[in-house]
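Survey of secondary and tertiary structure
The primary structure of each chain is shown beneath.
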Amino acid sequence: MGRGKLRIYLGAAPGVGKTYAMLSEAHRRVERGTDCVVGFVEHHHRPRTEVMLHGLEQVPRKELEYRGGVFTEMDVDAVLRRAPAVALVDELAHTNVPGSRNDKRWQDVEELLAAGIDVVSTVNIQHLESLGDVVESITGVRQRETLPDEVVRRADQIELVDMSPPALRRRMAHGNIYKPDKVDAALSNYFRPGNLTALRELALLWVADRADEYLTEYRSEHQVSRIWGSRERIVVGLTGGPEGRTLIRRAARLAEKGAGSEVLAVYIARSDGLTSASPKELAVQRTLVEDLGGTFHHVIGDDIPASLLDFARGVNATQIVLGSSRRKTWQYVFGPGVGTTVARESGPDLDVHIVTHEEVAKGRGLPVARGARLGRSRIIWGWAVGIGGPVAMALLLNTIDLGLANDMLLFLSVTVAAALLGGLLPALASAAFGSLLLNYFYTPPLHRLTVADPKNIVAIVIFVGVAVSVASVVDLAARRTHQAARLRAESEILSFLAGSVLRGETSLEALLERVRETFGMESVALLERAGDVEPWTCAGSAGPKPATRPEDADVDMPVGDHMALALSGRVLPASDRRVLAAFAAQAVVVLDRQRLQHEADQAKELAEGNRIRTALLAAVSHDLRTPLAGIKAAVSSLRSDDVAWSEEDRAELLEGIEDGADRLDHLVGNLLDMSRLQTGTVAPLIREIDLDEVVPMALGGVPEDSVDLDIPESLPMVAVDAGLLERAMANLVENAVKYSPVDERVLVAASAMADRVEVRVVDRGPGVPDDAKDRIFAPFQRYGDAPRGTGVGLGLAVARGFAEAMGGTLNAEDTPGGGLTMVLTVRAVARRPDLAARSAVAERQAS
């Protein structure tokens, strides 16, 4: 069974008659014998709509309880079991009651369509997701129930149910839409004439665009090349000259005369990049046409008239606006011109307007072949050989007689040499000059510019033809070599850009510096602004004195509506702008990525801060209350006069008070330390000390005989903050003792490695899996099922924070044989002289 078809009645506002039209369609189908049922139709107590339900089979609705009330929704399962040919489902954008089969009614409709059931539905224009902001700006009401535009676009049929605003307001005033007590409020708010007119325009334009899509698809599927004038589309042909602004404004005035007309400005660039267009002028014209509601297009094509006509036919244009030629009279020897050719080839369906302007017949600066492809030195040698070679050859041949055939071959060799060196123009000059010398000195009658023998005329013509052919081949080869080198360079640049996109490696400053180096610019800046009238700001730059506005730059590449890449140093040809556009797009991507990363980092910091604050509150509410409760209970017991405490009981209570106070002191110390680390206020006072001066002091908080120390006297001194190191070691040792078996002692050992000193705190406890070794250093983390009251989980976090503040590291490793080893690494300094001497004496005695 195939997928069902969806038909939608689209309206501009409630009350235009969508549901009535849907029910009328249902009655027509039933009369034709179609199996049609009502899946869900809401008549809103409108008498005429309610009457239309008579005679139609209705599938019972499904009742759902929600927040103490009973609501009804379409019973999707019942409709599927009934399996009609057509189902009527009203209000496609409706949100179902929680507990329904789907969240949205359009999802229910998708199930019916998938089951092969045709569906007829209704929707208002304000419920389309893409128009939510527009509708809110018009009506001041944000639509809560929306559906994706694609759901409506996929419909097989869309029919607009239209009604003028005055007629709709009359319906409202007569009580045909809302109840009488709501009419006044509706007419003075949502149903104001301006609101209804704007919503109606939205609906009409949306349906018109959809019809245009249908037409485009049909023309493409049926390969229709003829222009169908269903809608006025005016194409403006731009050359990049200043007359383009006049043409755009003239086209805009033509478009204003026809409702729904559209202006498309197109600039056609040659594939070899040869152009006389001003990039700045093109950018201004792009802005102008977009401000006037049109669109700007950039097309590549060597045959400008053919490319322009292909573009016009491709967009189904009806008119072309061109400017009068800027050619001077003598330049028409090169051809009839773009305007004349387009007018001749346009056919009967495409009107061509030739607009006069101030630049007519002022010359257009025809592009010339750039000899720089061959290099300056080769061009100079080519002209030297092309002019001086025939003269030298004539002087040589005047001394010897080799015959006309040999003379021509020698002159031809000079012309070929000029072509190989300097390209087309030196070869043409050599051929012309050489043919004159051949005619004058060696072709009878001698010393006259006439030729008596017709055979000699043929020989001279062949000579000139071969010379021109060889020169053309050399020039073409030079062009192709230049193009190949350029394309290779462009491919390398684009490959670099693609790789940087995939890897996310390039920073904005590095990318802009690459742009500056690639195009040989003095400075490059990425500019942006918040709105059309807002000032430009620099998002990133490379090079000295970057431009602060696109107008101040030699080259500016617009990127979107409010960003531009501005380059200062020289004007770029059009061929370079293709690669520059790729750089500009990548620069915007990099900027967006950097900003998103910055926002993500800020969000991460905020989330971490919130997590720490939450954990801190939990610690204060539980871990700190426990010792406080114990202290208060012990003090209350001691102060009580009702009980006579023995000395042993009093000592036990005092010991509990002391233990609770110690726990409070330790917890508050860790909380304060963590707070200092989080706020970045830890400023270590680094000085050179011996480990044996600090580490023993860190053992005061653990039971005696629970730790073994192995601190060699030969260790170098370390550069640390004594207070921070003592605090970090105390937390490490306390953590190790807490998790070590009662009969196992913790080992604290130190050793020197190159310019570092390692302090290892080794326990024989349960150990930690590899995937949790980094996690145990996070704040408020307790490994395993450690109960509350054993600490707030800050000891290791504080220890690592202090270690890193001193320029050291703290990591966890497995203890061979079972357990966990904390490795604290700090920077070593030179040994003290007395210890070094003592160590040397001991080594000599041992040897």
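The structure this text deals with has already been given above.
Along each chain, residue indices are assigned from 1 in the same order as the chain's sequence is written. Two thresholds apply to this predicted model, a pLDDT of at least 70 for residue-level local features and 80 or more for giving and counting side-chain atom pairs, whereas whole-chain, interface and lining totals are computed over all residues. Computation of side-chain values covers all heavy atoms of the structure but excludes hydrogens and water.

**Observations concerning the overall build of the protein chain**
Across its full length, the protein chain holds 25 helices and 24 strands. Partly exposed residues are those whose accessible area sits between 20% and 50% of the maximum for their type, while under 20% is buried and over 50% is exposed, using a 1.4 Å probe and protein chains only. Taken over 847 residues, the protein chain has a buried fraction of 42%. Only heavy atoms enter the contact rule, under which two residues are in contact if any of them lie within 4.5 Å. Within the protein chain, counting contacts between residues at least 6 apart in sequence, those at least 24 apart form 70% of the total. As presented, the protein chain carries roughly 44,700 Å² of accessible surface, and 55% of it is formed by carbon and sulfur atoms. Secondary structure elements follow DSSP: runs of H or I of four or more residues count as helices, runs of E of two or more count as strands, with numbering from the N terminus. Note on areas: Shrake-Rupley with a 1.4 Å probe; residue coverage comes only from the protein chains shown.

**Thoughts on the sheet that holds strand β22 (residues 756–762)**
Strands pair, by our definition, only if DSSP identifies at least two bridges between them. The strand order across the open sheet built from five strands is β19-β21-β22-β24-β23, with neighbouring strands paired in mixed fashion. Bordering the open sheet on either side are β19 (707–710) and β23 (809–814), each of which pairs with just one other strand. Across the sheet, the mean angle from the axis of one strand to that of its neighbour is 20°, orientation sign disregarded. Relative to strand β21 (residues 746–753), β19 runs parallel, the two sharing four bridges. Within β21, the position partnered with Asp-708 by the bridge is Leu-747. Fitted lines through C-alpha atoms give the axes, limited to the stretch in contact for helices. The angle between two N-to-C directions lies from 0 to 180 degrees. Helix α23 (residues 722–739) rests against β19, β21, β22, β23 and β24 (820–827) of the sheet, and its axis sits at about 30° to β22.

**Focus: the pairing of β24**
Buried residues dominate β24, accounting for seven of its eight residues. For β22 and β24, the ladder comprises seven bridges, and the chain directions are antiparallel. Bridging from a neighbouring strand, Glu-758 pairs with Thr-825 of β24. Pairing geometry for β23 and β24, over six bridges, is antiparallel. The partner of Thr-809 across the bridge, within β24, is Thr-825. The hairpin formed by β23 and β24 contains five residues between the paired strands, and Gly-817 there has a positive phi angle of roughly 95°.

**Overview of helix α12 (residues 304–314)**
The complete set of buried residues in α12 reads Pro-305, Ser-307, Leu-308, Leu-309, Phe-311 and Ala-312. Where α12 is buried, its residues contact β9 (233–238), β10 (262–269), β11 (295–300), β12 (319–323) and α13 (338–345). Looking one or two residues beyond α12, the residue adopting positive phi is Asn-316, at roughly 60°.

**Focus on the sheet that holds strand β16 (residues 555–559)**
Pairing is antiparallel across the open sheet formed by four strands, whose spatial order is β15-β14-β17-β16. Sheet topology places β15 (537–542) and β16 at the edges, where each strand pairs with a single neighbour. In this sheet, neighbouring strand axes are inclined to one another by 20° on average, regardless of whether the strands run parallel or antiparallel. Where β16 meets strand β17 (residues 563–568), five bridges bridge the pair, whose relative direction is antiparallel. By the bridge assignment for β17, Val-559 is matched with Met-563.

**Looking at the environment of Met-697**
Mapped onto the fold, Met-697 is located in the loop between α22 (691–694) and β19. For the pair Met-697 and Arg-727, spaced 30 residues apart in sequence, the C-alpha to C-alpha distance is 9.5 Å.

**A few points about the packing of α12 against α13**
It is at 9 Å that the axes of α12 and α13 come closest, and there the two elements cross at 45°. For the element pair α12 / α13, the angle class is oblique. Crossing angle aside, the handedness with which α12 passes α13 is right-handed. Contacts from Ile-304, Pro-305, Leu-308, Leu-309 and Arg-313 in α12 reach Val-338, Thr-341, Val-342 and Glu-345 in α13. Angle categories are assigned with fixed cut-offs, so that under 35 degrees is roughly parallel, over 145 is roughly antiparallel, 65 to 115 is roughly perpendicular, and the rest are oblique. Each crossing gets its hand from how the near helix is turned against the far one by less than a right angle, where anticlockwise is left-handed and clockwise is right-handed.

**Section: the packing of aromatic side chains**
Note on aromatic contacts: the rings of Phe and Tyr and the six-membered ring of Trp form a pair at centre separations within 6.5 Å, being stacked when their planes are under 30 degrees apart, edge-to-face when over 60 apart, and tilted otherwise. Within this structure, the stated rule accounts for one aromatic pair. Each ring is checked for a lysine NZ or an arginine CZ that lies within 6 Å of its centre and within 35 degrees of its normal; such an atom marks a charge sitting over the ring. Its end group placed over the ring of Phe-40, Arg-61 keeps NZ or CZ at 4.0 Å from the ring centre.

Shape descriptors only; they carry no functional weight alone.
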